[in-house]
Amino acid sequence: MSENKKAMVTGASQGIGKAIALRLAKEGYDIINIDYGSPEIAQEMQKEVQSLGVSCDYYKCDVSSFQDTESLVKECIEKHEGIDVLVNNAGITSDTLFSVMSEDAFDKVIAVNLKGTFNMMRHVGRKMLRKRSGCIVNISSVVGVMGNAGQANYSASKAGVLGLTKSGAREFAPRGIRVNAVAPGFIETAMTDKLKEEYKQAFIEKIPLKRIGTPEDVANAVAFLVSDDASYMTGQTLMIDGGMVM
Ligand code: NAD
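A brief look at the structure comes next. (Residues numbered from 1 in each chain as written. Predicted model: local features only at pLDDT ≥ 70, side-chain atom pairs only at ≥ 80, totals over all residues. Heavy atoms only, no water.)

Quick word on the side chain of Arg178
Within the element layout of this structure, Arg178 appears in strand E6 (residues 178-184). Despite its burial, Arg178 pairs with no opposite charge, the nearest such side chain being Asp228 at 5.8 Å. A distance of 2.8 Å separates the side chain of Arg178 from the backbone oxygen of Leu225, its partner in a polar contact. Ignoring sequence-local partners within four residues, the contact set of Arg178 consists of Gly134, Cys135, Ile136, Leu225, Val226, Ser227, Ala230, Ser231, Met233 and Thr234. (Helix = DSSP H or I, 4+ residues; strand = E, 2+ residues; numbered from the N terminus. Buried < 20%, exposed > 50% of the residue type's maximum accessible area, 1.4 Å probe, protein only. Lys, Arg positive; Asp, Glu negative; His and termini not counted. Salt bridge = Lys/Arg side-chain N within 4 Å of Asp/Glu carboxyl O. Polar contact = N/O pair within 3.5 Å; in protein donor to acceptor, adjacent residues only side chain to side chain. Contact = heavy atoms within 4.5 Å.)

Structural data, given as structure tokens:
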């Protein structure tokens with residue numbers, strides 16, 4: 001068994017999650033990727049992480065399933081003898097206006113983004129509480145703070161993630177476990193690739209720093225929050241958004 005600390009990152013196969021996994025791997029963490037997407041993409045990411053000299057385990061699992069995440073976390077804790085860091089990053093969008101949003105589009109986004117975060121905090125948090133150590137970072141979004149036309153489901157899920165973060169922070173603090181959130185703005189990934197070019201340009205105009213963020217910008221914030229430099233921070237939200245929300 002490696003002596004390295006273990007970081008479980010959901011949705012780490014690509015985009016922001018992958019950047020977080022690579023950054024934590026550079027800090028010496030062994031990585032556990034929980035992702036429900038393509039196994040090929042997950043395996044590519046696994047090789048990249050392993051090339052940094054740490055281990056990378058990959059489990060295909062849907063974070064919205066309470067039961068599947070429960071048995072997966074049990075298996076991981078047994079194998080890795082604990083989890084030091086949990087990053088709840090897996091997320092989806094299904095954008096459309098209120099008046100035409102289907103029940104399914106609402107339910108799916110809430111299930112993955114909000115319930116998925118609850119599931120992981122519930123199962124991993126229990127083990128951290130018992131061990132009296134650990135650190136959790138939840139990936140929210142600027143739209144969880146300010147709302148966004150066409151993203152009622154997504155912004156509600158991300159606002160909910162901030163509620164989970166603050167409740168978790170208060171509940172887990174007596175055992176020394178910190179829970180914080182990162183709220184990215186507009187970050188260049190597959191999630192934002194599908195947006196129309198004119199929408200992207202209009203968005204950039206609203207960003208004081210006048211550029212789209214990178215997954216590494218978000219990963220830097222996560223690395224800070226899990227480090228000892230943030231040891232007196234809990235229940236906070238770091239906005240990584242080029243100044244959109246201030
Ligand atoms: P992405 O689509 O590139 O990656 C998301 C990852 O999550 C994928 O690997 C996907 O397979 C995985 N995933 C999706 N559903 C899952 C499920 N049910 N169970 C397990 N894994 C699942 O997206 P991204 O842009 O890298 O976003 C990562 C996180 O950052 C998300 O929570 C997203 O809401 C948030 N975020 C992104 C932006 C942005 O501009 N890209 C802005 C704010 C917040």
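What about the pattern of salt bridges?
Tallied over the full model, the rule gives nine salt bridges. Residue Lys6 pairs with Asp30 through a salt bridge whose shortest N-O separation is 3.2 Å. Of this pair, Lys6 sits in strand E1 (residues 6-10) while Asp30 sits in strand E2 (residues 30-35), and the two are 24 residues apart along the sequence. Across the pair, Asp30 and Lys6 agree in class, each one buried. Lys79 is the salt-bridge partner of Asp57, the closest N and O atoms lying 2.4 Å from each other. Here the residue Asp57 occupies a position in strand E3 (residues 56-60), and Lys79 occupies one in helix H3 (residues 66-80), the gap between them amounting to 22 residues.

Structural notes on the packing of H3 against helix H4 (residues 103-131)
Where H3 contacts H4, the two axes come as close as 10 Å, and the packing angle between them is 35°. The element H3 and its partner H4 pack so that their crossing is right-handed. Seen from H3, the contacting residues are Phe66, Thr69, Glu70, Val73 and Ile77; seen from H4, they are Lys115, Phe118, Asn119, Met120, Arg122, His123, Val124 and Lys127. Here the contact of H3 with H4 is built from residues that sort into six nonpolar, three polar and four charged. (Axes fitted to C-alpha atoms, helices over the stretch in contact; angles between N-to-C directions. Left-handed = near helix turned anticlockwise from the far one by under 90°. Nonpolar A, V, L, I, M, F, W, Y, C, P; charged D, E, K, R; others polar.)

Structural notes on the packing of helix H1 (residues 15-26) against helix H2 (residues 39-50)
Relative orientation and spacing of two packed helices are given, respectively, by the angle between their axes and the distance between those axes. It is at 9 Å that the axes of H1 and H2 come closest, and there the two elements cross at 20°. On the basis of their axis angle, the class for H1 and H2 is roughly parallel. The handedness of the crossing between H1 and H2 is right-handed. Contacts between H1 and H2 involve Lys18, Ala21, Leu22 and Ala25 from the former and Met45, Glu48 and Val49 from the latter. A class-by-class count of the residues in the contact of H1 with H2 yields five nonpolar, no polar and two charged. (Parallel < 35°, antiparallel > 145°, perpendicular 65-115°, else oblique.)

A few points about the packing of aromatic side chains
Inspection of the entire model under this criterion finds three aromatic pairs. Where Phe186 meets Phe203, the ring centres are 4.9 Å apart and the plane angle is 65°; that geometry is what we call edge-to-face. Placement of the pair is Phe186 in the loop between E6 and helix H7 (190-193) and Phe203 in helix H8 (residues 197-205), with a sequence separation of 17 residues. Of the two residues, Phe186 and Phe203, neither departs from the other in class, the shared state being buried. Taken together, a centroid distance of 5.6 Å and an interplanar angle of 55° make the contact between Tyr199 and Phe203 tilted. Separated by four residues within a single helix, Tyr199 and Phe203 lie in helix H8, roughly one turn from each other. Take Tyr199: its relative accessible area is 35%, and that puts it in the partly exposed class. Cluster of aromatic residues (ring-pair linked, three or more members): Phe186, Tyr199 and Phe203. Note that Lys60 overlies the ring of Tyr36, its terminal NZ or CZ placed 5.5 Å from the centroid. (Phe/Tyr/Trp six-rings, centres within 6.5 Å; stacked < 30°, edge-to-face > 60°. Lys NZ or Arg CZ within 6 Å of the ring centre and 35° of its normal.)

A look at the site of the ligand
As a structural note, the neighbourhood of the ligand is formed by 29 residues, with Asp35, Asp62, Asn89, Tyr154 and Thr189 the closest of them. Gly37 has a polar backbone atom sitting 3.4 Å from an oxygen atom of the ligand. For the ligand, an oxygen atom lies 2.8 Å from a polar atom in the backbone of Ile187. Of all the secondary structure elements, the ones that give two or more residues to the shell around the ligand are H1, helix H6 (152-172) and H7. Per-element accounting of the shell around the ligand gives the leading share, three residues, to H7. Here the residues of the shell around the ligand are counted per class, giving 14 nonpolar, twelve polar and three charged. (Near = heavy atom within 4 Å.)

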